Amino acid sequence: MMKLANIPLPTDRIIDGRDMSAILMDPTAKTQHDCIYIYKGTPDGASKPGLWAVRCGPYKAHWATDNHKNTTVVFHNPPLLYHLERDPSETCAIDVKSEEFITAMAAINAAKEAHEKSVKSVPNQIGMGENAEYKLCCDPNSKSKYPKYQACTCNPENWEAWTCGNPVF
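Residues numbered from 1 in each chain as written. Predicted model: local features only at pLDDT ≥ 70, side-chain atom pairs only at ≥ 80, totals over all residues. Heavy atoms only, no water.

Quick notes on the pairing of strand 3 (residues 59-65)
Threshold: For every residue, the accessible area (1.4 Å probe, protein chains only) is compared with the maximum for its type, and the residue is labelled buried under 20%, exposed over 50%, or partly exposed between those bounds. A run of H or I in DSSP counts as a helix once it spans at least four residues, and a run of E counts as a strand once it spans at least two, with each numbered from the N terminus. Whether two strands pair depends on DSSP finding at least two bridges between them.
Along strand 3, seven of the seven residues are buried, which leaves the element largely enclosed by surrounding structure. Looking at chain direction, strand 2 (residues 51-56) and strand 3 are connected through four bridges and run antiparallel. Bridged to A53 within strand 3 is H62. Counted along the chain from strand 2 to the antiparallel partner strand 3, the turn is two residues long, and its residue G57 has a positive phi close to 60°.

Some thoughts on the nonpolar core
Just so we agree on the cut-off: Grouping buried Ala, Val, Leu, Ile, Met, Phe, Trp, Tyr and Cys residues that are joined through side-chain atoms within 4.5 Å yields what is termed a nonpolar core. Note on contacts: a residue pair is in contact if any heavy atoms of the two residues lie within 4.5 Å.
V54, L81, M105 and I108 are the most contacted members of the largest nonpolar core, which totals 14 residues. Listing elements by their share of this core, those giving two or more residues are strand 2, strand 3 and helix 2 (99-118). The leading source of residues in this core is helix 2, at five residues. Non-local contacts of M105, meaning those with residues more than four positions away in its chain, are made with A61, W63, P79 and L81.

A look at the state of the cysteines
The line we're drawing: Only a pair of cysteine sulfur atoms within 2.5 Å qualifies as a disulfide here.
Summed over the entire model, instances satisfying the criterion amount to one disulfide. Across the disulfide, C35 is cross-linked to C56 (sulfur-sulfur distance 2.0 Å). What sets the handedness of the C35 and C56 disulfide is the S-S torsion sign, and at about 110° it is right-handed. Of the two residues, C35 is situated in strand 1 (residues 35-39) and C56 in strand 2; the sequence distance between them amounts to 21 residues. With respect to class, C35 is no different from C56; both count as buried.

This is how it looks when you write it as structure tokens:
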């Protein structure tokens, strides 16, 4: 985004992102990321690095989850694994005994381990609080309109969508 806005990157900090403007401008471009690492604060305090999930290709593994219906953190060992191209809503976890799970998790675990070795520890930015003035939200009043869904719900019909079943190719 910085490149598209013609803004120079700051030089006083480590930038862990990459210029992704090519995939926004060219439908045939590929992502520069082999895997994407999903952080969500520290689920049980300072002992956890905050890495909740890892996506590599079509697979996404979750070691910790919560959702819009239940904010309690649930830890998963083994992790939940989803094939996002077949199951974009992440509702049908792949069987841990399947060859697909074993193969995908071998690649994801190797990427996760390499990533964790490369990360420099910094203070938990998510735990520093929120300022509503800077929050990205399509509808700040959605909680009053859709009380059973989380704040900033744009399209409540998608929360209940069923997507698992036989994939259509």
